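Overview (structure and organization)
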Amino acid sequence: MDLAGKIAFITGGGGGIGAGIGAALVEKGMRVVLSDIDLDRARKEAEALGQAARAIAIDVTDEQSWAKAKAEVEAELGPVDVLCNNAGIATAPLLLDETPPSLFARIMAINVTGVFNGIRAFAPDMKARGQGHIVNTSSLNGLLAHGTFGAYSASKFAVTGMTDALRQELAPFGVGVSTLYPGLTRSYMSMSEDSAALMADVPEEVRQAQMMDPLWLGRAVARAIENNSEHIITHPSARPEVERRQQVLLSAFGEPAQPEYAG
Ligand SMILES: NC(=O)c1ccc[n+]([C@@H]2O[C@H](COP(=O)([O-])OP(=O)(O)OC[C@H]3O[C@@H](n4cnc5c(N)ncnc54)[C@H](O)[C@@H]3O)[C@@H](O)[C@H]2O)c1
């Protein structure tokens, strides 16, 4: 898709990665809507981007909030060409059997249902127009699960699966879909005490040095939208771990469990 002059709607636009995607899409000549539950954060990021950006409030868990934001944006800017379902939360390190159900439900509501709500809000119009692109932010944790980060990993594996399915569903309509799998990137989330606790064995200065600049991550997203790339991997250092997981998985493919099974 040629991005110049098009409209993007980004959730979690007041945070590190959402704002970085916004900045990169503005570089490409797009107008961007930075939406966030924290409107002050989104306004600050939009102001930094100038005339091409505007901020709007949204709670991605709430369908009515999506409908209101969509109506407002369309009235002002016209139809949305690119949707980035990016808002998400993480938690402090927690064993699954010690994770409060209310916290598990909240993670699922924001990280999974939030993405689903975005798809339901914008995909029908994109299908009808025969154009558009949706980027869903998963995580390297949507490819590789880590103990004490189980609820977050579950939510991100859900985003990975939902996005793979969505790509198949929207391709016949000429609508592109990509999954973004960030690794450590500078943001409110990654700068939090919870994130530091997850990497307690890594010296703080090393952890800081490992954080990617969200603008560069955003530029990778912009290229992926232009090329309709299926997967956006921004942190190649995770490759050996992903390969190891795939090898273990493939090695479990042997004879069928039922003798002479023909399926
Ligand atoms: N930063 C990283 O290292 C990293 C790595 C992998 C994946 N991610 C993913 O990237 C995405 C962006 O996270 P980030 O790192 O920029 O964090 P961030 O905390 O800086 O940004 C997330 C934004 O989402 C907003 N948000 C939270 N709940 C919301 C809701 N209900 N409705 C609307 N907005 C809401 C927050 O206010 C915040 O501004 C998340 O999905 C996260 O899981 C981040």
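Computed from a predicted structure; not experimentally measured. (Residues numbered from 1 in each chain as written. Predicted model: local features only at pLDDT ≥ 70, side-chain atom pairs only at ≥ 80, totals over all residues. Heavy atoms only, no water.)

1. Some remarks on the packing of aromatic side chains
Evaluation of the coordinates by the stated rule reveals 4 aromatic pairs. Ring centres of F9 and F122 lie 5.3 Å apart, and the angle between their planes is 40°; this geometry places the pair in the tilted category. One end of the pair, F9, is in strand 1 (residues 7–11); the other, F122, is in helix 4 (residues 101–129), and 113 residues separate them in sequence. Looking at F9, the relative accessible area reads 0%, which means it is buried. F122 sits in the buried class, given a relative accessible area of 2%. For the ring pair W66 and F122, a centre distance of 6.1 Å and an interplane angle of 75° mean the geometry is edge-to-face. (Phe/Tyr/Trp six-rings, centres within 6.5 Å; stacked < 30°, edge-to-face > 60°. Helix = DSSP H or I, 4+ residues; strand = E, 2+ residues; numbered from the N terminus. Buried < 20%, exposed > 50% of the residue type's maximum accessible area, 1.4 Å probe, protein only.)

2. Digging into the sheet that holds strand 7 (residues 231–233)
Taken in spatial order, the 7 strands make up an open sheet running 3-2-1-4-5-6-7, and their pairing is parallel. Each of the sheet's edge strands pairs with one partner strand only, and the pair in question is strand 3 (53–57) and strand 7. Taking each pair of neighbouring strands and ignoring which way they run, the sheet shows an average axis angle of 20°. When strand 6 (residues 176–181) meets strand 7, the two strands line up parallel, connected through 3 bridges. The residue bridging L180 from the neighbouring strand is I232, located in strand 7. Sheet strands in contact with helix 4 are strand 1, strand 4 (82–85) and strand 5 (133–137), and its direction is about 170° off that of strand 4. Packing against the sheet, helix 5 (residues 150–170) makes contact with strand 5, strand 6 and strand 7, and its axis sits at approximately 160° to strand 6. (Pairing = 2+ DSSP bridges. Axes fitted to C-alpha atoms, helices over the stretch in contact; angles between N-to-C directions. Contact = heavy atoms within 4.5 Å.)

3. So, the site of the ligand
As a matter of local geometry, the ligand sits amid 30 residues, with I17, D36, N86, Y152 and S187 nearest to it. Here K156 contributes a side-chain N or O atom positioned 2.9 Å from an oxygen atom of the ligand. Measuring from an oxygen atom of the ligand, one finds a backbone N or O atom of T185 at 2.9 Å. Protein contacts shield 93% of the accessible area of the ligand, which totals 830 Å² for the unbound molecule. Partitioned by chemical class, the residues of the shell around the ligand number 12 nonpolar, 13 polar and 5 charged. (Near = heavy atom within 4 Å. Polar contact = N/O pair within 3.5 Å; in protein donor to acceptor, adjacent residues only side chain to side chain. Areas by Shrake-Rupley, 256 points an atom, 1.4 Å probe, with all protein chains shown as cover. Nonpolar A, V, L, I, M, F, W, Y, C, P; charged D, E, K, R; others polar.)

4. Some thoughts on the nonpolar core
Residues F9, W66, V73, L83, F122, I134 and L170 are the most contacted members of the largest nonpolar core, which totals 32 residues. For this core, the secondary-structure elements that each account for two or more residues are strand 1, helix 3 (63–77), helix 4 and helix 5. The dominant element in this core, judged by the number of residues it contributes, is helix 4, at 10 residues. Those residues in contact with F122 that lie beyond four places of it in its chain are F9, W66, K70, E74, V80 and L83. By size, the runner-up hydrophobic cluster in this structure holds 23 residues, among which are A8, I10, M30 and L180. (Core = buried A, V, L, I, M, F, W, Y, C linked by side-chain atoms within 4.5 Å.)

5. Details of the environment of D164
Take D164: it is sitting in helix 5. With relative accessibility at 28%, the residue D164 sits in the partly exposed group. In the structure, D164 is positioned 13 residues away from V177 in sequence and 8.2 Å away in space, judged by C-alpha atoms. The residues contacting D164, other than those within four sequence positions of it, are T179, E230 and H231.

6. Examining the pairing of strand 4
Residues V82 and C84 point to one face of strand 4 and L83 and N85 to the other, with burial holding for every one of them. Where strand 1 and strand 4 come together, 3 bridges link them in parallel fashion. Counterpart to I10 in the pairing with strand 4 is C84. Pairing geometry for strand 4 and strand 5, over 4 bridges, is parallel. Following the sheet pairing, V82 is matched in strand 5 by H133.

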